[in-house]
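Topology and contacts: notes
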Amino acid sequence: MLQELNRATDSEWATLRMLDVEMDGMRLVSAAGTPKWDRPLVLPLHEGLSSVVMNEGAVSVANDYPSHPNAESSATAQGAKSMMTAPVVMGTKVVGTVTVVSTASNHYTDERVALLPAITEGLGVLLERANLVQELEAAEEAQRRLAQENEVMAEISRIISSSLDINAVYSAYTAELAKLVDFDGSSVSVIDLEKNTLTFSYSSDEWQYGRSQQLTATFSETVIAKPIGRIFESSESEAAHPRYLGMERVLRAGYRSFLGATLTHHDQVIGVLYLR
């Protein structure tokens, strides 16, 4: 499109920039022209014709670009004499700009100026359609994910209620849970708040099964303090001196990311589920 725009307006260069709020500027998306025009990846909002267009929402023409108050130094250094910029609009919002550049002064006549808005209007429509498609795809994915979660939760409820012996259903339970969350290991500890202890009643690592320890200074203690769940990220160096009591062997086994969630019964904490 930009190459065709160069041909139609008899310009040397053309660029497409989109507003980047995080970068606080206009991000270069595409460029065309020969010889190659060296442009900054992000143009500050106060520089260039793009800044004028973003503020006014209309085509801006500078047929004596070097003398324009918003002239950008690297553009003039490369021979830009005339420049024309038009807004790219999605709905009613200006989201970007298209710019054409000539090395000749007074290059952009009324006829050439009339070409640019027609092209950028079409570009805005294309971007709107692309954005709509992305939103529809995201909505469909969210619906698919919700349906999957509901299906898995129903299966988990069926598994748990199928036996009073949790050991008989634990493997099936974690298999269903793995459909929702990626993890390499899991375990469940029973919490005794009166005795201030935790006991690993179920674990995918045999060495952890049945182990008991005090609750104070453990990862479990922080999970209980934040019932919505807790995430813990570790590093290689922490394996020798873990921040939580009882984590030495788990870290030595290579686990680095941990998710903990409280298990409750009648609003009382009875355990913690760990994924790692």
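Residues numbered from 1 in each chain as written. Predicted model: local features only at pLDDT ≥ 70, side-chain atom pairs only at ≥ 80, totals over all residues. Heavy atoms only, no water.

**Structural notes on the pattern of salt bridges**
Tallied over the entire structure, the rule returns four salt bridges. Its salt-bridge partner being arginine 112, residue aspartate 10 comes within 3.7 Å of it at the nearest N-O pair. With aspartate 10 in the loop between helix H1 (2-9) and strand S1 (13-20) and arginine 112 in helix H4 (residues 110-161), this pair connects stretches of sequence that are 102 residues apart. Judged by relative accessible area, which is 48%, aspartate 10 ranks as partly exposed. In this structure, arginine 39 and glutamate 72 form a salt bridge, with 2.7 Å as the shortest nitrogen-oxygen distance. On the criterion of sequence distance, the pair formed by arginine 39 in the loop between strand S2 (25-33) and strand S3 (42-44) and glutamate 72 in the loop between strand S4 (60-62) and helix H3 (73-77) is long-range, its members being 33 residues apart. Among the residues examined, arginine 39 registers a relative accessible area of 13% and is labelled buried. (Salt bridge = Lys/Arg side-chain N within 4 Å of Asp/Glu carboxyl O. Helix = DSSP H or I, 4+ residues; strand = E, 2+ residues; numbered from the N terminus. Buried < 20%, exposed > 50% of the residue type's maximum accessible area, 1.4 Å probe, protein only.)

**Re the sheet that holds strand S7 (residues 186-192)**
The six strands lie next to each other as S9-S8-S7-S12-S11-S10, forming an open sheet whose pairing is antiparallel. Only two strands of the sheet have a single partner each, and these edge strands are strand S9 (212-214) and strand S10 (230-233). Averaged over neighbouring strand pairs, the angle between their axes works out to 25 degrees when direction is ignored. Inspection of the sheet shows strand S11 (residues 257-265) paired to strand S12 (residues 268-275) by seven bridges, in the antiparallel sense. (Pairing = 2+ DSSP bridges. Axes fitted to C-alpha atoms, helices over the stretch in contact; angles between N-to-C directions.)

**Considering the nonpolar core**
The tendency in soluble globular proteins is for nonpolar side chains to be buried side by side. One finds Phe219, Met247 and Phe258 to be the most contacted residues of the largest nonpolar core, which totals 16 residues. Where this core is concerned, the elements lending two or more residues are strand S8 (197-203), helix H6 (219-225), helix H7 (248-252) and S12. Among the elements that take part in this core, H6 stands out by supplying three residues, more than any other. Among residues more than four places away in sequence, those in contact with phenylalanine 219 are Arg230, Phe232, Tyr244, Met247, Phe258, Leu259, Gly260 and Tyr274. The next biggest cluster of nonpolar side chains, apart from the first, holds 14 residues, and it includes Leu2, Met84, Val88 and Val95. (Core = buried A, V, L, I, M, F, W, Y, C linked by side-chain atoms within 4.5 Å. Contact = heavy atoms within 4.5 Å.)

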